[in-house]
Amino acid sequence: MAGIRINHLYKRYGKDKHEVVKDFNMEIHDKEFVVFVGPSGCGKSTTLRMIAGLEDITEGEIYIGDQLVNKLAPKDRDISMVFQNYALYPNMSVYENIAFGLRMRKMPKHEIDLAVKNASRILEIESFLNRKPKDLSGGQRQRVALGRAIVRDPKLFLMDEPLSNLDAKLRATMRMEIKKLHQKLGTTFIFVTHDQVEAMTMADRIVVMRDGIIQQCDTPELIYSKPANTFVASFIGSPQINFINGLIQENPQGDLEFQTNRFKLKVHETVEEVLRKHNQVNKKIIMGIRPEGVNLESLFSETVITGTYHYNELMGADRFLYLDIGQEKMLIARVDPLVRLNENEKVKVELDMSKAHFFHRDTGERFAE
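Residues numbered from 1 in each chain as written. Predicted model: local features only at pLDDT ≥ 70, side-chain atom pairs only at ≥ 80, totals over all residues. Heavy atoms only, no water.

1. As for the overall build of the protein
Put simply, the rule reads: Starting at the N terminus, helices and strands are each numbered in turn, a helix being any DSSP run of H or I of at least four residues and a strand any DSSP run of E of at least two. Burial classes: relative accessible area under 20% of the type maximum marks a residue as buried, over 50% as exposed, and values in between as partly exposed (1.4 Å probe, protein chains only). Whether two residues touch is decided by their heavy atoms; if any such pair falls within 4.5 Å, the residues are in contact. Computed with the Shrake-Rupley method and a 1.4 Å probe, the accessible areas treat only the protein chains shown as cover for residues. Counted as positive: Lys and Arg. Counted as negative: Asp and Glu, with His and the chain ends omitted from the count. Every charge is mapped onto a representative atom, which is NZ of Lys, CZ of Arg, CG of Asp or CD of Glu.
Helices and strands together make up the secondary structure of the protein, namely 9 helices and 20 strands. Across the 369 residues in the protein, those meeting the buried criterion constitute 49%. Pairs at least 24 apart in sequence give 65% of the contacts found in the protein among residues at least 6 apart. Of the roughly 18,300 Å² of accessible surface on the protein, 47% is carried by carbon and sulfur atoms. For the protein, the distance from the average site of its 52 positive side-chain charges to the average site of its 51 negative ones is 6 Å.

This is the structure we're talking about:
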């Protein structure tokens, strides 16, 4: 098995040298499950393809284990890749599809048979080894694609949007199956997706990308609770985090307040020192607070604001209220699903300021300790 080291990786296209990946640096540990996530066109799949050897590197270095692989052909990198479209041979049986790569290596027949049966047992597809891909469901085809990858016993698994063609229920099942597979095999996995739920539920570490640049690389817990900037904060989490524009000012008692033209909110004591250190007193700033930090129970008057109820979304165990508080976007509050309100009703909500984040108005960077 092996870790991966990526140093100053760039990918440029065309005569204008358009940069799709810009100065990508990271180290992926042996047996780690890393997810690259970001919107379409952010460079995540291009980065994966450079690791696989399917895309030329413009600049930089990629090491798999201790070996520099920049010039190695894909077949010599000891990797297996699973694609979005499964890439199965329609005229071959499931058994033949899984065995194909091993036959190309001219492995002995009995070893191929053992490897195929072992992979099919792990993935629970023994019962349809004689079927053709057209006779399988989407989830079964994805398992066959995984089987073809794991029989090779590679150092590294690369997966490019492998679940995007599946329905929501099957995606949830396959997320769990792939995570279990990672634990069974004890191999390094790199998984590419645009789905933040997949990233949050599967990864040991998440790499959030935008415009070819790493925005943050961290555990799911820290990506969610301590986002590096407004992009990460808004991309991770559903519904999205609330952003409110305002001003930091000191009140007559010497406490810091977050002020808009509609309300004032006392800044939590754990954040006061940070904002003072970064000289944000009397500065315009962006506050971010997730829907679970906004609720109907009013305990502290200095963190209560009034909004006008417009509509809601029922999500089973939660209901999300959308309130007009005089900002560009509605404030979203997560409440009990039994809550009922009338359109245009005035609603008092409390903001848990201990859960608020503060971001630089111009750069979008979060003010941290």
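2. Comments concerning the packing of aromatic side chains
Spelled out, the test is: Only centres within 6.5 Å qualify two rings of Phe, Tyr or Trp (six-membered ring in Trp) as a pair; their planes then separate them into stacked at under 30 degrees, edge-to-face at over 60, and tilted for everything else. Lysine NZ or arginine CZ positioned within 6 Å of the ring centre and within 35 degrees of the ring normal marks a charge as sitting over the ring.
In this structure the tally under the stated criterion is 9 aromatic pairs. Linked through ring pairs, F33, F157, F189 and F191 together constitute an aromatic cluster. Over the face of the ring belonging to Y224 we find R290, whose NZ or CZ atom lies 4.0 Å from the ring centre.

3. Some details on the pattern of salt bridges
To keep it simple, the criterion reads: The term salt bridge refers to a pairing of a side-chain nitrogen on Lys or Arg with a carboxyl oxygen on Asp or Glu at a separation within 4 Å.
Taken as a whole and assessed by the stated rule, the structure comprises 13 salt bridges. The residue E32 makes a salt bridge to R205 at a minimum N-O spacing of 2.6 Å. You can see E32 sitting in the loop between β2 (18-28) and β3 (33-37) and its partner R205 sitting in strand β9 (residues 205-210), a full 173 residues away along the chain. Classification of E32 by relative accessible area gives buried; the value is 8%. Between R276 and E250 there is a salt bridge, with the nearest N and O atoms lying 2.8 Å from each other. Linking R276 in helix α9 (residues 269-277) with E250 in strand β11 (residues 242-250), this pair joins segments that are 26 residues apart in sequence. Residue classification places R276 among the partly exposed residues on the basis of a relative accessible area of 33%. In this structure, a network of salt bridges that share partners links the residues K11, R49 and E55.

4. Quick word on the nonpolar core
We count it as follows: The criterion is simple. A nonpolar core is a set of buried Ala, Val, Leu, Ile, Met, Phe, Trp, Tyr and Cys residues joined through side-chain atoms within 4.5 Å.
Within the largest apolar cluster, 46 residues are counted, with the highest numbers of intra-cluster contacts made by I98, V144, L146, I178 and F191. Of all the elements, helix α3 (residues 109-123) adds the most residues to this core, at 6 residues. Setting aside chain neighbours within four positions, we find V144 in contact with L88, V94, N97, I98, I125, F128 and L136. Judged by nonpolar contacts, the second largest core, of 30 residues, contains I248, V274, I289 and L351.

5. Focus: the pairing of β9
Put simply, the rule reads: Pairing between two strands is assigned when DSSP locates at least 2 bridges connecting them.
β9 sits mainly inside the fold: 5 of its 6 residues count as buried. One ladder, built from 5 bridges, connects β9 with strand β10 (residues 213-218); its direction is antiparallel. By the bridge assignment, V207 is partnered in β10 with C217.

6. Focus on the sheet that holds β2
Taken in spatial order, the 4 strands line up as β2-β1-β4-β5 in an open sheet, and their pairing is antiparallel. Of all the strands in the sheet, the pair left with one neighbour each is β2 and β5 (67-68). In this sheet, strand β4 (residues 59-64) lies alongside strand β1 (residues 4-13) in antiparallel orientation, the contact comprising 5 bridges. Within β4, the residue paired with N7 across the bridge is E61.

7. Some points on the sheet that holds strand β7 (residues 156-160)
Whether parallel or antiparallel, the strands of a sheet pair through hydrogen bonds between backbone atoms. Quick reminder of the rule: Lines fitted to the C-alpha atoms define the axes, with helices restricted to the stretch that makes contact. Angles between their N-to-C directions range from 0 to 180 degrees.
Pairing is mixed across the open sheet formed by 6 strands, whose spatial order is β6-β7-β8-β3-β9-β10. Taken across any chain shown, the strands that pair with only one partner, and hence form the sheet edges, are β6 (79-82) and β10. Averaged over all neighbouring strand pairs, the angle between strand axes comes to 15°, with direction disregarded. Two elements, β7 and strand β8 (residues 188-193), share 5 bridges in a ladder whose sense is parallel. Note on β8: the bridge partner recorded for F157 is F189. Along the sheet, helix α1 (residues 44-52) makes contact with β3, β6, β7, β8 and β9, crossing β7 at roughly 150°. Relative to β8, helix α5 (residues 168-185) is tilted by about 160°, and along the sheet it contacts β3, β7 and β8.

8. Focus on the environment of F157
Counting through the fold element by element, F157 comes out in strand β7. Linking F157 and F191, residues 34 residues apart in sequence, is a C-alpha distance of 8.2 Å.

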